[in-house]
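Next come the chains, spelled out residue by residue.
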Amino acid sequence: MATFLSRIFKYGWQNFSRGKWLSAATLVIIVLALVVFEILIVFTVITKTSLALLQDKIDISVYFKPATPEDEMFKVKKAIEALPETAQVEYISRDKALTIFKEAHKDDVAISQALAELNDNPLSPVLNIKAKQPSQYATIASELERNDWKPLTQKITYRQNQTIIDRLSKIIDITNRVGLILTVLLTLTAIVITFNTVSLAIYSNREEIGIMRLVGAPNSLISGPYMVEGIIYGVMGAVISLALFWPAIYWAAPYMKYFLTDLDLRAYLFEHFFALVGYQLVFGIALGVISSNFAIQKYLKI
Amino acid sequence: MISFVSVAKYYNNGSTSVALEDICLKIETGEFVTLVGKSGAGKSTLVKLIIGEEQPTRGKVIVAGQDVGKMRSRDLPTLRRKLGVVFQDFRLLPKKTVHENVAFAMEVAGRAEREIKEVVPQVLDMVGLAERAWHFPSQLSGGEKQRVAIARAMINRPMVIIADEPTGNLDPVNTWEIIKLLTKINELGTTIILATHSKDIVNALGKRVVSIDKGKVVRDEKNGRYILS
């Protein structure tokens, strides 16, 4: 059994190393497929971070009339928290709002002076509400307006920002969908191209397959080396594509930061190093082996 | 050792064409049999039936006690390892060296690495290719390629070597070297079946001649000669 396996590995390596340009061409295709795969991963990371960033910026603020008693406001808070669409509700009291406001404008002399001249706190208590999905703000807003809390509130920001929020939630939705379609399409393309290339390589070997059968080679000894060759393609493809892709992303990462300050691709690369290498290997080997297997079934008549 | 019992083989491609009809033939161990006949007479079909590449339409082909026509395709490799086959177009593995091509037959048979290292050079020496062991087939002449094929065919000490027009692509000098080699192998006890349409070879050999014409055995003589019908 050990001799048998070592022979299969030897033949597989010989097929690969002596195939010269056909092996090289197949390898290039697999590398391209894997680079596409890597680009998809990074594309997903970029869209996810940017969308998360946008989503984070959306919220509804409910401004209460300054005279509203605190326990009434807490009732509203509780009621909104109970909604299934709500992710988080933050209560900011008048005093807290003032502190935040002062902190934000401490360098602005005019505002500081104006505040100092006022005896009273001019700010209203606020509830900042975040929904789980951007599309759910409408539900929360209508809930706020429908109830008998209306006399308590001074202003609800949703209506002001409605168009922006709606548009954003649509963009987020479309980006997610397009991203998914793009991923599926590109992955399929990569698989089909690789499959064709490997099939062609094995098809060109059909005479050799015939000779091996004539000498009395069992099917396992004929197909085994092609499997090994597929694994070699996968491993080498993964290594080469990473060697190309890694420096490119590493170099491009600082530029990406201009657009998306929260996105640190370099950190992402290092954090996910093993996962990325693993994906590459699994995807590469699967591509190589599945394609080889298909082609063998087709030309070997097992 | 090999016997054909009322074998017929028809090919069905649109219309039925008869390749072999009513073949009865017995080949004993140690014999040197030449199969003669014009192109298309049915020699290659006969060879294909022996190695199980084709199944007979009627009748039985028995090789070493087994009915080849009834063998399952996964049992065929075992049969083929007991036979050595040599073809006009050499059929060497282009990505393997001479040594590897010959060793392949032993590896297929599951022989040990140590044994392979020992036997392959001996056989290559016997066919006069010791110097060429690490060349690839594309670097060899036709005669050399055919000697590699013969080395591969005999390496597992088969009961029989079947050579289908082995000299068809060779010049006269190489032709005689191949024939001498086959004779030598036969003298060492291996049965040889040689299909050829070369009159010179048949007449010079003076062995058993089976003449085939239009799918039928028309003559079967010991110490026969090539007679054009």
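Conventions used here
Residues numbered from 1 in each chain as written. Chains lettered and ligands numbered in written order. Predicted model: local features only at pLDDT ≥ 70, side-chain atom pairs only at ≥ 80, totals over all residues. Contact = placed C-beta atoms within 7 Å. Helix = DSSP H or I, 4+ residues; strand = E, 2+ residues; numbered from the N terminus. Nonpolar A, V, L, I, M, F, W, Y, C, P; charged D, E, K, R; others polar. Domains from an automatic or database assignment. Pairing = 2+ DSSP bridges. Axes fitted to C-alpha atoms, helices over the stretch in contact; angles between N-to-C directions. Core = buried A, V, L, I, M, F, W, Y, C linked by C-beta atoms within 7 Å. Buried ≥ 20, exposed ≤ 12 C-beta atoms within 10 Å, placed from the backbone.

As a further point, take the interface of chain B and chain A. Listed per partner, the contact involves 14 residues of chain B and 14 residues of chain A. Among the elements of the structure, α2 (76-81) and α3 (98-108) of chain B are those that each provide at least two residues to the side of chain B that touches chain A. Counting residues per element, the side of chain B that touches chain A draws most heavily on α3(B), at 4 residues. Split into classes, the residues belonging to the side of chain B that touches chain A amount to 6 nonpolar, no polar and 8 charged.

A few words on the domain arrangement of chain A. Taken as a whole, chain A is organised into domain 1 (2-54 + 170-300) and domain 2 (59-161). For domain 1 of chain A and domain 2 of chain A, the distance between their C-alpha centres works out to 52 Å.

Let us look at the sheet that holds strand β3 (residues 32-36) of chain B. All names here are of chain B. Strand order in the open sheet formed by 6 strands is β6-β7-β8-β3-β9-β10, with mixed pairing between adjacent strands. Every other strand in the sheet has two partners, leaving β6 (83-87) and β10 (216-221) as the edge strands with one partner each. The mean angle between the axes of side-by-side strands here comes to 15°, regardless of whether they run parallel or antiparallel. Sheet topology note: the strand β7 (residues 160-164)/strand β8 (residues 191-196) ladder contains 5 bridges and is parallel. Paired with I161 across the bridge in β8 is I192. Running over the sheet, helix α5 (residues 142-154) touches β6 and β7 and is turned about 170° from β6.

As a further point, take the nonpolar core. What tends to happen in soluble globular proteins is that the nonpolar side chains get buried as a cluster. Formed by 74 residues in total, the largest nonpolar core has its most connected members in L35(B), I50(B), V102(B), A151(B), I161(B), I162(B) and I193(B). The biggest single contributor to this core is α3(B), with 7 residues. Discounting chain neighbours no more than four positions away, the residues touching I161(B) are G84(B), V86(B), A153(B), M154(B), I185(B), T190(B) and I192(B). Ranked by size, the runner-up nonpolar core spans 19 residues in total, among them I60(A), V89(A), Y137(A) and A141(A).

All names here are of chain B. Following the sequence through the fold, V202 ends up in helix α7 (residues 199-205). C-alpha separation for the pair V202 and T34, spaced 168 residues apart in sequence, amounts to 7.0 Å. Beyond its immediate stretch of four places on either side in the chain, V202 contacts T34, V36, T196, V209, R225 and Y226.

Time to look at the pairing of β3(B). Residue and element names in this part refer to chain B. Among the 5 residues of β3, 5 are classified as buried, and the element is accordingly described as predominantly covered. The alternating pattern of β3 places F32, T34 and V36 and V33 and L35 on opposite faces, both of which are buried. In this sheet, β8 lies alongside β3 in parallel orientation, the contact comprising 5 bridges. From the neighbouring strand, T34 faces β8, where its bridge partner is L194. Relative to strand β9 (residues 208-213), β3 is paired through 4 bridges, and the arrangement is parallel. Along β9, the bridge assignment pairs T34 with V209.

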